[in-house]
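One-letter residues, chain by chain:
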Amino acid sequence: MTDASSAATFRAGCARGELLYQRCAACGAVQLHTRQRCGHCHAASLDWLASRRRGIVYSHTTVQRAPSAAFRTRVPYVIALVDVDEGFRLMLNVVDCAPAAVAIGAPVRIEMRDGLDGAPWPHAVLDVARGD
Ligand SMILES: [Zn+2]
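Residues numbered from 1 in each chain as written. Predicted model: local features only at pLDDT ≥ 70, side-chain atom pairs only at ≥ 80, totals over all residues. Heavy atoms only, no water.

Colleague: I'd like a rundown of the domain arrangement of the protein chain, residues and numbers included.
Modeller: With domains assigned, the protein chain is organised as domain 1 (4–50) and domain 2 (54–126). Of note, the centres of domain 1 and domain 2, computed from C-alpha atoms alone, are 22 Å apart. A buried area of about 980 Å², summed over both sides, lies between domain 1 and domain 2, and 76% of it is on carbon and sulfur atoms. Where domain 1 packs against domain 2, one counts one salt bridge. Between Arg11 and Asp117 there is a salt bridge, with its nearest N and O atoms 3.2 Å apart. There are one residue pair in polar contact (both at pLDDT 80 or more) connecting domain 1 and domain 2. Across the side of domain 1 that touches domain 2, the residue classes tally to seven nonpolar, one polar and two charged. (Domains from an automatic or database assignment. Buried area = accessible area lost by both parts, 1.4 Å probe. Salt bridge = Lys/Arg side-chain N within 4 Å of Asp/Glu carboxyl O. Polar contact = N/O pair within 3.5 Å; in protein donor to acceptor, adjacent residues only side chain to side chain. Nonpolar A, V, L, I, M, F, W, Y, C, P; charged D, E, K, R; others polar.)

Colleague: Tell me about the packing of aromatic side chains, residues and numbers included.
Modeller: Going through the model one piece at a time under the given rule, you end up with three aromatic pairs. Judged by centre distance (5.6 Å) and plane angle (70 degrees), the rings of Phe10 and Trp121 are edge-to-face. Placement of Phe10 in helix H1 (residues 4–15) and of Trp121 in strand S8 (residues 120–126) is noted, with a sequence separation of 111 residues between them. Judged by its relative accessible area of 9%, Phe10 is buried. The exposure class of Trp121 is partly exposed, given its relative accessible area of 35%. Relative to Phe88, the ring of Tyr21 has its centre 5.1 Å away and its plane inclined at 40 degrees; by these criteria the two rings are tilted. Of this pair, Tyr21 sits in strand S1 (residues 20–24) while Phe88 sits in the loop between strand S5 (77–84) and strand S6 (89–95); the two residues are 67 residues apart in sequence, bridging distant segments of the chain. One exposure class covers both Tyr21 and Phe88, and it is buried. (Phe/Tyr/Trp six-rings, centres within 6.5 Å; stacked < 30°, edge-to-face > 60°. Helix = DSSP H or I, 4+ residues; strand = E, 2+ residues; numbered from the N terminus. Buried < 20%, exposed > 50% of the residue type's maximum accessible area, 1.4 Å probe, protein only.)

Colleague: Could you give an account of the sheet that holds S5, with specific residues and numbers?
Modeller: The pairing of strands in a sheet happens through backbone hydrogen bonds and is either parallel or antiparallel. Read around the barrel, five strands follow the order S4-S5-S6-S8-S7 and close on themselves; strand pairing throughout is mixed. The mean angle between the axes of side-by-side strands here comes to 50 degrees, regardless of whether they run parallel or antiparallel. Looking at chain direction, strand S7 (residues 107–114) and S8 are connected through seven bridges and run antiparallel. Bridge pairing in S8 places Asp114 opposite Pro120. Those strands touched by H1 are S7 and S8, and its axis lies near 55 degrees from that of S8. (Pairing = 2+ DSSP bridges. Axes fitted to C-alpha atoms, helices over the stretch in contact; angles between N-to-C directions. Contact = heavy atoms within 4.5 Å.)

Colleague: Please give an account of the nonpolar core that cites residues and values.
Modeller: Membership of the largest hydrophobic core comes to 22 residues, with the highest contact counts inside it found for Leu19, Phe88, Leu90 and Val94. At the level of secondary structure, the elements contributing two or more residues to this core comprise H1, S1, S5, S6, S7 and S8. If you count residues domain by domain, this core takes at least three from each of domain 1 (4–50) and domain 2 (54–126). Not counting chain neighbours up to four residues away, the residues in contact with Phe88 comprise Leu19, Tyr21, Val30, Leu32, Ser51, Val82 and Asp83. (Core = buried A, V, L, I, M, F, W, Y, C linked by side-chain atoms within 4.5 Å.)

Pasting the structure below:
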């Protein structure tokens, strides 16, 4: 489970434009869901690192029907599972493109945009410079 202080560290990174993750000093495992211990070996020696914020779309879906009133102005929107270069997978909204433009294997950059609460949060943008 993510503890409150790790969540605060992650959100502070987002406010600086950084996507933070943790790497275990004992076994080298990486984890995005930041915790006080390694999810693989349970060591408490975790380093915070800033991702280069690049990844590849592993899978995606287009949401056509808003799940709540807060999303009504956002449909249709794309949710993707993104394999980030540093070795973890992240679920992100893909923004700034038509939903049909998103494809499995497409390269993305991860940028901070305002989330539903108005605070910076990671979003994916198609990286056309790295695409075919
Ligand atoms: Zn570990």
